[in-house]
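Residues per chain are reported as follows:
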Amino acid sequence: MKRQVKEHSNIMKRQEGKIDHELYCKYTRVWIPDPEDVWRAAEIIKDYKEGEPILHLKLEDESPLEYRIGPKDNPLPFLRNPDILVGENDLTALSYLHEPAVLHNLKVRFLEPNHIYTYCGIVLVAINPYDQLQIYGEEVINAYSGQNMGDMDPHIFAVAEEAYKQMARDERNQSIIVSGESGAGKTVSAKYAMRFFATVGGSANDTNVEEKVLASSPIMEAIGNAKTTRNDNSSRFGKYIQIGFDRRYHIIGANMRTYLLEKSRVVFQAEDERNYHIFYQLCASASFPEFKDLALTSAEDFIFTSQGENIFIEGVNDAEDFKKTKEAFTLLGVKESNQSSIFRIIASILHLGNVEICSERDGDSCHISRNDPHLTHFCRLLGVELEQMEHWLCHRKLVTTSETYVKNMSRKQAANARDALAKHIYAHMFDWIVEHVNRSLHTSSKQHSFIGVLDIYGFETFEINSFEQFCINYANEKLQQQFNQHVFKLEQEEYMKEQIPWTLIDFYDNQPCIDLIEAKLGILDLLDEECKVPKGTDQNWCQKLYDRLSSSVHFQKPRMSNISFIIIHFADKVEYQCEGFLEKNRDTVYEEHINILKASKFQLVADLFQDTNKDGSSSTSSSSKSSRINVRSAKPTPKVPNKEHRKTVGHQFRSSLQLLMETLNATTPHYVRCIKPNDEKEAFSFDSRRAVQQLRACGVLETIRISAAGYPSRWTYPDFFNRYRVLMKKSDMTVGDKKLVCRNLLETLVKDPDKFQFGKTKIFFRAGQVAYLEKLRADKFRSACIKIQKTVRRWLQMVRYKKIRKSAITLQRFGRGYMARRYAERLRLTRAAVICQKQYRMVRERTAYLRVRQAVVTIQAFTRGMFTRRIFQEFLLHHKAMIIQKHVRGWLTRRKFKLARNAAITIQCAYRRMRAKRELKQLKIEARSAQHLKKLNTGMENKIVQLQRKMDDQTKDLKTQNEQLVVAKTSLGSEVNKLQKELETMRSRQGDGSQLTSMKDELEKLRAELQEAHAHRKKLEEEHSNEKMRFEQRVEELERENSLLKSEKEKMNQRILHHSKSTEDQESSASQSVGRVQAELDEERQRYQNLLREFSRLEQRYDNLQEAKFQPGHRRNNSNQSSLESDSNYPSISTSEVGDTDDAIQLVEEMGVEKAAMDIGVFMKLQKRVRELEQERKRLQVNLEKMEDHSKRKGIEPKTTSEQENADLAYNSLKRQELESENKKLKNDLNELRKAIADRASKNSSSNELQDGYNLLLGQLKAANEELDVRKEEVLILRSQIVTAAQQKEKDTTNHIETNNLPEWTNSKKPIDKEEALRSYHGLCESKKLLEAQLQSQARKHEDELEAFRTQIELLRDDIEKKQEMLNHTMSLSPEAQVEYSVQQEITRLTNDNLDLKELVEKLEKNERKLKKQLRIYMKKVQELEVSVTAAASQSTTAKPEMTRQVTVQRREKDFEGMLEYYKEDEALLVKTLITDMKPHAVSATVPCLPAYILFMCIRHADYINDDQKVHSLLTSTINAIKKVLKKNNDDFEMTSFWLANTSRLLHCLKQYSGDEAFMTQNTAKQNEHCLKNFDLAEYRQVLSDLSIQIYQQLVKVAEHVMQPMIVSAMLESESIPSLAGVKPMGYRNRSSSMDKDEEGPGSYTLEALIRQLGQFHGVMGEHGLDPEIAGQVIRQLFYSINAVTLNNLLLRKDVCSWSTGMQLRYNISQMEEWLRGKNLHQSGAVINMEPVIQAAQLLQVKKKTSQDAEAICSLCTALTMQQIVKILNLYTPLNEFEERVTVSFIRNIQNRLQGRNDVPMLLVDTKHTFPVLFPYTPSALSLETLHIPANLSLHFLTRV
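Since this is a predicted model, take the numbers as computed values, not measurements.

Undergrad: What is the right way to read the confidence of the model for the protein from this model?
TA: Any segment with low pLDDT has predicted coordinates that should not be analysed in fine detail. Of the residues in the protein, 76% reach a pLDDT of 70 or more, and the chain-wide mean stands at 77. Across residues 1-18 the pLDDT falls below 50, and counting only partners more than four positions away or on other chains, this stretch makes 34 contacts in the model. Low pLDDT, under 50, characterises residues 1293-1313; the predicted model gives this stretch 2 contacts beyond four residues in sequence or across chains.

Now the structure itself:
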C-alpha cells in the first residue's frame, strides 16, 4: 500500500510539471488527500502564485485550510471537473483524469442514480449493489441486442453485445475477462454475460444448447461456490467457459476449464464461513426417500460443515437450490445412477470427516474403533473394504529399494491423511463433473468461432496469506500484464489510425515480478526443488528464498519474521506465510488409500481414480479434430503418486495459466472489473477506502493514467462543431469544411499547440482542455442569457409603462377638464367681486384721504417756516466761529507738521521696510492656514449641530419614557384599585384565607413592580441629566472654539468677496433670462390660441363651402368632438381617413380615381400629422405646468450659468433634430399636394367651382403649415424646459432628504398594542380578506356578464350600422343615382355568380377529361380482350367445344349471374395464376381485392352446381397457396398487405353471400339473389379468419422489422428542431469499434424518414383495398412499437435524458400526431399508445425542485410506472451549467408519493406485446355481375356464367 501511494505521488509530481499554475486561482475547486475519505473536496480562496509554500483552501463545511505545497512531498492538488461532467457514463470523458475524479464519479453514479456500471475506456467497472435490480430481464437483453456500445448506458449486456458483434464482423475469437476480489460480483456478471449469449445466439436447431450452457451455472455454483466472510456465494475456483458458434453465429456448444480449486475448504472453514454449497443442499434434502441410505442428518452434525458455526445463509433455501441442481444435472444428460453416485460420494466425504481417530498411549500410534458408524457409512457408500480402510487410515507404507515397511501414524498424522483423502476425493469428483458438463456441451458440428468468459479470482491480500493467495496473485500478475499490453496497443492503434504523432508512454511493467515467480530458480522452481528433497521443510525453503532472491526489487524479507517473505505486486505489497507451502504444493495422498478406492465395487468411484493418460490424450486429440481451437484440460491428468516425476500443484497451475494466457492472447479481450463497495454487504453503501484499493489493484487507474499521459479527451469533428459552435464567429459558420472551422477555432482559443492534435476524424485534447472549453462555452451562454433577459424585461416594462401612461393620460384629461372648469368659474366670480370691492373702497378712502391731506398741508406750512428761520440764525453764528478757528488751527498745524515731518520721514523709511517684510510673511502664513481653519470651523459647526440634535433626541426620548411611566403608573394604580375592590368583594362573599393570601401576594407583587418602575425611571432621569450636563459643557467648549474660528473666518471672507460679486452678476443675468423665456412662452401661448381659433374658423368655413358646393342631398354627420378634445386622428373630415360621404364620392367621380386618392390622401396625412403634433404639444404643456407648480411650491432657486447653458444646448439639439426630420416629410407631402392640385386646376380651369376649391385648399394648407411650424417651436421649447426642470428637481430632492427623515421620529410615540388589540386586528384582517374575496368573485362574475353583454351589443350594433349605412346611402341619393346604385349592386351579384359558375364548369371539365382518359383505357382493354376471345374461338382444337359455346354466350351481359366456371383440371392453373404468381402491381389499376372476388365467383359456381368436392378443393388449395406465398415472401410488406386485404375480402364475401340474415342487412336485392344456395361454409370462414390473423401478425412483424432501426435515430437522435440538442463530452465508448458504418454513411434516420415510411405503409394498405379499420389497427400496433422502443432506449441511455431531448421528443410526437390527423387515423387509438413517451418527454421538461413539482409529476405521469419515473429522474443529465441535476431528496419524495400505486414492477416496456386484432364485417357494394377481368391475368379458361 505504501509503495502504491508513493507511486501515485510520483505520478502527481510528473503531472505537476504539465499543470499551468494559472489554473490555481480563486474559486477553483480541487481535491486534497484525506485519511478517512481518501480524497476530499476543497475550494481555493486565494490566488496561488508559483513558488508559494501554502495554498489557501476552504472545505465543503466552510472551514478554512492551509495546504502546504512542497516541491517533493506535497505537489499541487488535483483539479476538480466541472459539475456537468460529474456522473458521466465513461470515465475517460472526464476532462481531468486522475484518481479522485474517478473515485468521485463512481461514487456519485452508484449512490445517487444507483448506476452500478461505468465505462473506463475499454473496461467496464461493475460495483456490487448487494440488492436485486430489475435490469437483467429479457426485455433489457432485447434492448441492448444490436446496439452500438456507446449508444446505451453501461451494462454487462453492452460488453457481451460488443464481443458478439466483433466476433461476427472481424471473425476473431473474443474473451470477456471478469475479475475482482471475493464478493465483488464476478460470478453474477459472468452468468449474465452467458445468459445474453444464450438469448441472442440461440441454437439454430432444437438441441437447446443455450439452455444447457445456462444449466451449467447452478451445478458449478453448487460444487465450487461457498460462503465466505466477504461473499455469500464466492467462487472458490477459476473458470474459463468457451461458448462455440457456427458460421451463422448460433450457439453449437461450449467448453469449460477450471483453475485451482480451493480443496482446503472441504476439511476446514474459518469462522462464519461455510463449506461448498452442495454439502448443505444435500443435508437439507436428507429427509427425501431417495436419500435415506445416505445416513445424513443436519449439517450441524458433521465436522466438515459445522466449523464455521453458521450453516445457514440469509435468504437462501438450500433444499430449493438442490432441486435446481438436480434439474440442471438432468438437463445436461447426467443419468440418475450417476447423480446418485455423486451424492453418495459427497455424503461419504461428510462421514469421513466424522471418523474419530483415537490415540494410543505411546502417542506414536492410533486406531479407529471398529464400531465407528461414520467409517461404516463411508465404506458402504463408496463400496470399499472396511477393514482395509480402517487399517490404512492409521498406518502408512514405506517402500525402499530392498524392503517395504508398514509404519504406524500418530493421531495428528492420521487426521492429516484422512483430510488429504477427503480433499482428493472431492477434487476428483469436481473434475469428473466438469468433464461430464463439457461432454454434454460438446458438439460434433464444426466450430467457427467462440467467445470465452473468464471468471477468475481477483488480487487478494489477508492478514495470513498462504499458497492459495500466492497462486491467485501470480495469476493476476499475468492478467495485469496482458491487460496493460492490450491497453497500450489500443492507444497506439488509435493514434496511428488518426495519424497523431506517437510518443512512448511510460506504463508500469510487471514482468520483473512475474520473472521473480516463474523464471528459472524463481519462487516456484525453488518450491518444487524443496518438495523433491526428502526432508524438505518450509523453513529451509524460506531461507533459500532469502539467499537467492534478496537482490530482486520485488522481493523483501520481513523484519520481524524468518518464516515469511514479501512480494511487491502491481497492486500492493503482500506478506506470505511459508507454513504449509510445501504440503499444499505436493498435494500428498497415500497410495494405499487410492488403491482401496480403485477397488471400489461402484464403477463411478473406481473410474475416478484410474489412470486416464491414454484416455485424456485421445479425448484431447479427438476434440482437436472437431474444432479449430485445440482445447485441452486445464489440469493435467494425475499420474501414479509414487513416481518422482509427478507434477506439483504449482507446476500444474503454471502450465494451465500459460495455456490460458495463450488463449487470451489469441482472442480480442473485453474487461469487466468488479468492485466491492463495502465489507458489510450493505445495499448501495460506498466505502471510498475499500473502493480505491480495488481500483488500484484491478488496473482501472493504470488505464486512466495511460490515457491521461496522452490525449484522453477525443471529439469527432461534427460533435465538436455542434458543441462549441457558439464560440465561433458568424463568418466561420459560413465555411463548408467543418474540419477547417474546428481547426481555426481551436487555434484561436487555445494558444498552446501541444494541448491538442488534429486527427483524421477526431480532435485529441490534453487533460483539462475540455474543462477549459466548457468554461468558455458557459461564459458565452451566460452573457447571451443576460442579454435576452435584459431585452425581455425591458419589453415587459415598456408594455407596462405604456398601459399605465395611457390610463394616467385618460384620468388626467377628465380630471383636468373638471378642475379647469371649476377653476374658471371661481376666477369669474372672484373677479366680479374684486371689481365691486375695488370701486367702493376707492371712493371711501379717497374722501378720507383728501380731508386729512388738506389739514396736514396747512400745519406743515407754518411749522416748516418757523424751523427754517431758527436754523438760519444758528447757521450764521457757527459760520463766524468757524472762520476764526480756521485761521488759528491752520497756523498751529503747519508749525507742528513741519517739526514732525522731518523726524518721521527718516524713521518711516527704515521701519516701513521692516514692517512690510513682516506683514508679507504673516500674510503668507495666514494664506496657508485659512483654508484649514475654514474646514475646521465647518467640522466644529457640524459637530455642534449633531450634538444639539442628539441632545434633543434624548430629551424627546426622556419625555416619551416619562409619559410611558406615567401611563404605566396610572394603569398600575387603576389595576391596584381594581384588585383592592375585588379583594373586598371576595372578602365579603367568602372568608377563605387562602384566596386572600393569594390576592395579597399578587398585590405585593404589583407594588414591587411599581417600585421597580419608579426606580428605573429615576435612574433614567439621572442618566439623562448627567448626559445633558456633559453635552452642555461640550457645547460651550465648541462654541468658544467656534467663536475663535469665526473671527478668523471673517478675515478670510473679506479677501474672497470679489469672487462672490461675479457669481451674483451671473445669477442676476440667469434670472433675467428666465424672465425673458417666461415672457416668450406667454407670447407663444397666445399665438397658439389665436391660431386655434383661426383654424377652427377656417375649418368651419371649409365645411360650409363644401355643403354649398356639392349636391343639396348631402347631410353632414353631427360631431361633438373639437380639434382640442377629440382622440380621433381626423376629426374634421367625418370618421374615416378617405371619407365615406357623398361629397367625397362625387369629388372622386369628378377628379378621377387616381388623382383624387392622391390629393385627399396627402391632405389627410398632413391633417393627421397636425393632430399628432397637437397631442404632443398638449402633453408637454401639461408636464410643463406640473413642473411650474412644483417649483412654485418649493421655491425655485436661481439657475446657474452652467444649467442655463445645458438647457440651451438641449433646446438647440432637440430643435435641430425635429426641424430636420419634419421639414423633409412636410416638404415632400406639400410639394406632392401642390403639384397635384395645380395640375388639376390647370386641366379644369374653366370650372369656377374647382378653382374656388383649389384656392380654399391652398389657403388651408398654408394655415396648416404655419400652425405646424408654431407647434414645433412650442414642442421644442417645452421639451427643453422640462429637461431643465427635471435637473432642478433632482437637486431639490437631494437637498430635502435629511429634512424628510426628521418627522419619522415624531410618529413613534404611540403606545404598544396589547394582546387584545392584536387579536382584534387579526380578526379584522381575516374578515377583510373574506370580504375582499367575495367582492372580487362578484366583481369577476359581473365583469364576465358585462363583457358578454357588450359583445352581443357590439355585434348587433355592427349589424345595424351596416344596414343603416346602406339604407342612408341609398336614401340620400337622387332617384337616378339610386337606380344606378341598384344596377351596380346587381351587376356585382351577377359577376360573383358568374365566377362561381365558371369554377364549377372548370371542375366539370376536369372531371370529364379524367373520365375520358379512363374510358380510353377501358376501351383499349376491351379491344384486347375481344382480340384474345376471337383468337381463342378461331382455334381448330376441339378439346372443349362446350367452352367455346359458353364464350359466345358470355357476351350477353344480361345473362351474367356473377359466377365463373372452370374445369377441375384447371384448378391448379387458377391457383397458380391468382395466388402463386400474382404480383400486386398487376392488378393495381383494377378493382381492389380482385383475386378475392374472382375466387369467390368460382366458389359460387361450384355451389351453384352443388359440387362439394370442387368447393372443398378450391378453398383448401387457396388457403395453402396463400400460406406458401406468405412464407416465401415473409419479409415483403407489400405482398403481405396484398394478401391480408384479399383474404379478409374473401372472408367478407363468404359472410355477405352466406345467406345468413345477420350479414344480409346491407345487401341489395341483386346481391341477395347471388347468395350461396347449397353449402354452409362457416368452418372455412373460421379457417380464413385464423389465416387473416396470422397474416396480420406477419404484416406487423415485417413493418416492425423495417422500422426497428429507424425509431431510435428518428425519435431521439435526429435534430428535428435545429440547434436544440446539445452534445456533451463523451469518452472512449462514444465511437465504439463495434460500429460497422462510417460516420458519413447512411446510418442515421430522420423523423421525416420515419413518417415517410409510415405513410408508405398506409398507402400500400390503402392501395390494396385493406379495410380502414384493419389499417388503423396496424398503425396502432406500429405506434405501440415506436413507443416501446423509444421509451426503452430512453430508460437505458443517460445521454438522451435531458431537457432538450424532451423538447425534441415532444415535437416529434406532435409531428406524428399531425400525420395521424392528416390520414384521419386519430381515432384509431395510436395516440393513446404514445402516452408513456409523451409523459416521459413532459417529465424531462417540467421543473424538478420543490414538493409542488413532485406532486405535479405524480399527477402527470399516470402512464409511467414508479420504476420508470425514478429511472428517468436518475438518468436526467443537464447539458450545460444553467440546468440543475435532480437531487436525491426529490427522487425520494417522488418514491414516497408513488408508494400507493399498484403498478406492475416493470422497468422496460414489452416490445413483443401485440394487441388483439378485430376484423369487422364490411360488406362490399360491388355487384359481381359488373366485375371486369383484365386480359393481362391470362384467365381465358374461366367462363362467365
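Undergrad: Is there a simple way to explain the packing of helix α45 (residues 1647-1663) against helix α47 (residues 1699-1718) in this structure?
TA: Two measures define how a pair of helices packs: the angle their axes make with one another and the distance between the axes. One way to put it is that α45 packs onto α47 with a least axis distance of 11 Å and a crossing angle of 25°. On the basis of their axis angle, the class for α45 and α47 is roughly parallel. The handedness of the crossing between α45 and α47 is right-handed. Of the residues in α47, those touching α45 at L1647, L1650, I1651, L1654, G1655 and H1658 are N1708, Q1711, M1712 and W1715.

Undergrad: Sorry, what's going on with the packing of helix α42 (residues 1533-1552) against α45 here?
TA: Orientation of α42 relative to α45, taken along the N-to-C sense of each, is 35°, at an axis distance of 9 Å. With respect to the hand of their crossing, α42 and α45 are arranged in right-handed fashion. Where α42 approaches α45, its residues F1533, E1534 and S1537 are matched on the opposing element by F1657, V1660 and M1661. Looking at the contact of α42 with α45 residue by residue, the classes come out as 4 nonpolar, 1 polar and 1 charged.

Undergrad: What is the right way to look at the sheet that holds strand β4 (residues 64-68) in this model?
TA: Strands pair in a sheet through their backbones, by hydrogen bonds, and they do so in one of two ways: parallel or antiparallel. Spatially, β4-β3-β2-β1-β5 is the arrangement adopted by the 5 strands of the open sheet, whose pairing is antiparallel. Two strands in the sheet have a free side with no partner beyond their single neighbour: β4 and β5 (78-79). Note: strand β1 (residues 29-34) against strand β2 (residues 38-44), 6 bridges, orientation antiparallel. If you follow I32 over to β2, its bridge partner there is R40. With respect to the sheet, helix α2 (residues 99-111) is in contact with β1, β2 and β5, its orientation differing from that of β2 by roughly 105°.

Undergrad: Before we go on, may I ask you to explain the sheet that holds strand β18 (residues 555-556) in this structure?
TA: Read across the sheet, 3 strands follow the order β18-β19-β20 without closing on themselves; strand pairing throughout is antiparallel. Since the sheet does not close on itself, it has two edges, and those belong to β18 and β20 (573-577), each with one partner. For strand β19 (residues 564-568) and β20, the ladder comprises 5 bridges, and the chain directions are antiparallel. Bridge assignment links I567 to a residue of β20, and that residue is V574. The strands touched by helix α17 (residues 538-549) within the sheet are β18 and β19, with β19 carrying the most contacts at an inclination of about 45°.

Undergrad: For this particular structure, what's the right way to read the side chain of N476?
TA: Considering the arrangement of structural elements, one finds N476 in helix α14 (residues 467-497). A distance of 3.5 Å separates a polar atom in the side chain of N476 from the backbone nitrogen of F459. Beyond its immediate stretch of four places on either side in the chain, N476 contacts Y457, G458, F459 and F570.

Undergrad: Any chance you could explain the pattern of salt bridges here in plain terms?
TA: Side chains that carry opposite charge are capable of pairing whenever their charged atoms lie near each other. Taken as a whole and assessed by the stated rule, the structure comprises 33 salt bridges. Of the charged contacts, one joins K1566 and E1569 as a salt bridge, the two residues approaching to 3.8 Å between their closest N and O atoms. Of the two residues, K1566 and E1569 both sit in helix α43 (residues 1565-1569), 3 residues apart, roughly one turn of that helix. Residue class for K1566 comes out partly exposed when judged on its relative accessible area of 31%. One continuous salt-bridge network, built from bridges that share partners, spans E181, K676, D679 and R690.

Undergrad: Sorry if this is basic, but what is going on with the pairing of strand β11 (residues 238-245) here?
TA: Counting buried positions along β11 yields 8 of 8 residues, so the element is predominantly enclosed. Both faces of β11 are covered, namely the face carrying G238, Y240, Q242 and G244 and the face carrying K239, I241, I243 and F245. In this structure, β11 lies alongside strand β12 (residues 251-259), joined through 8 bridges in antiparallel fashion. Pairing of G244 across the sheet is with G253, part of β12. In this sheet, strand β17 (residues 449-455) lies alongside β11 in antiparallel orientation, the contact comprising 7 bridges. Residue G244 lies in a different strand from β17, and its bridge partner there is F450.

What counts, and where the lines are drawn
Residues numbered from 1 in each chain as written. Predicted model: local features only at pLDDT ≥ 70, side-chain atom pairs only at ≥ 80, totals over all residues. Heavy atoms only, no water. pLDDT = per-residue confidence, 0-100. Contact = heavy atoms within 4.5 Å. Axes fitted to C-alpha atoms, helices over the stretch in contact; angles between N-to-C directions. Helix = DSSP H or I, 4+ residues; strand = E, 2+ residues; numbered from the N terminus. Parallel < 35°, antiparallel > 145°, perpendicular 65-115°, else oblique. Left-handed = near helix turned anticlockwise from the far one by under 90°. Nonpolar A, V, L, I, M, F, W, Y, C, P; charged D, E, K, R; others polar. Pairing = 2+ DSSP bridges. Polar contact = N/O pair within 3.5 Å; in protein donor to acceptor, adjacent residues only side chain to side chain. Salt bridge = Lys/Arg side-chain N within 4 Å of Asp/Glu carboxyl O. Buried < 20%, exposed > 50% of the residue type's maximum accessible area, 1.4 Å probe, protein only.

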